[in-house]
Amino acid sequence: MTLLIAGLVLFIVTHLLRPVAPGLRNAGIAALGKPGWMALHGIVSLVSLALIVYGFIYARENDGAMLYFPPAFMTHITLTLMAIASVCLVAGFLPAGHIRTKLKFPILVAIKIWALAHLLSNGESYSVLLFVTILAWAVILRITLKRRIAAGETVLPVFVSAKYDIVSIVVGLALYAAIVFKLHEWLIGVAPLG
């Protein structure tokens, strides 16, 4: 699981740099320029994701110790939560409807639901490591965003139209169906309904 851990550490450091160590980020931008810093950040992010994916696959094939055995009904709860996460995820990319304004940061909500849902139905050590780490990252990021809002460094979404709620639900459920019926098995190798 060394590669998975390395990928997760690199991901966390890369994605908490701005809220936790803004001075370091600003020094990087001053040294490399904004485009250079963005390019470096993007490359390191891709490397971290590649390490996570490869490390997860390797751990699944070689280090599959079970930490707990979820009951079968947890699969149904996971599937239900993932439908909600899919709608939240789509809402985060659209102009603000009620969903986005109420949740404030719907993409983070989607990530937290995704991680929690998968913890409910996966007890393998590598799965728990991945989902607990991503859940913790999302919680920490949400706390730092609350501070940034209070300091006026970022603003909350302003309601535009309820039609974006409808789009979020329709597109989110279509995305959910694609993931459940094909994409999850194709990308991850596990059929959610299997």
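This text goes with the structure placed above it.
Residues numbered from 1 in each chain as written. Predicted model: local features only at pLDDT ≥ 70, side-chain atom pairs only at ≥ 80, totals over all residues. Heavy atoms only, no water.

Check the secondary structure of the protein chain and you find seven helices and zero strands. When the elements of the protein chain are put in sequence order from the N terminus, they spell out α-α-α-α-α-α-α. Taken over the C-alpha trace, the protein chain has a radius of gyration of 18 Å; the compact-globule value for 194 residues is 16 Å, and the two agree within 12%. Structurally, the protein chain occupies a C-alpha span of about 50 × 45 × 25 Å along its principal axes. Classification of the 194 residues of the protein chain by burial places 36% in the buried group. (Helix = DSSP H or I, 4+ residues; strand = E, 2+ residues; numbered from the N terminus. Rg over C-alpha atoms; globule rule 2.2 N^0.38 Å. Buried < 20%, exposed > 50% of the residue type's maximum accessible area, 1.4 Å probe, protein only.)

Time to look at the pattern of salt bridges. Overall, the coordinates contain one salt bridge when judged by the stated rule. The shortest N-O distance in the salt bridge between R148 and E153 comes to 3.7 Å. For E153, a relative accessible area of 56% puts it in the exposed group. (Salt bridge = Lys/Arg side-chain N within 4 Å of Asp/Glu carboxyl O.)

What follows deals with a nonpolar patch on the surface. On the surface, I166, V167, V170 and V171 cluster together into a nonpolar patch covering about 330 Å² of accessible area. Its place among the elements puts V170 in helix α7 (residues 163-188). Owing to a relative accessible area of 54%, V170 belongs among the exposed residues under this scheme. (Patch = residues over 30% accessible without salt bridge, like charges linked within 9 Å, V, L, I, M, F, W, Y side chains within 5 Å. Areas by Shrake-Rupley, 256 points an atom, 1.4 Å probe, with all protein chains shown as cover.)

Moving on, we come to the packing of aromatic side chains. Taken as a whole, this structure holds three aromatic pairs when the rule is applied. Judged by centre distance (5.1 Å) and plane angle (85°), the ring pair of F56 and Y126 falls under edge-to-face. Taken as a pair, F56 in helix α2 (residues 22-62) and Y126 in helix α6 (residues 125-150) lie far apart in primary sequence, 70 residues in all. Assessed through its relative accessible area of 6%, Y126 is described here as buried. Ring plane angle 80° and centroid distance 5.1 Å describe the contact between W114 and F131, whose orientation is recorded as edge-to-face. Residue W114 is located in helix α5 (residues 106-121), and its partner F131 is located in helix α6; the two are separated by 17 residues in the primary sequence. With a relative accessible area of 5%, F131 lands in the buried category. (Phe/Tyr/Trp six-rings, centres within 6.5 Å; stacked < 30°, edge-to-face > 60°.)

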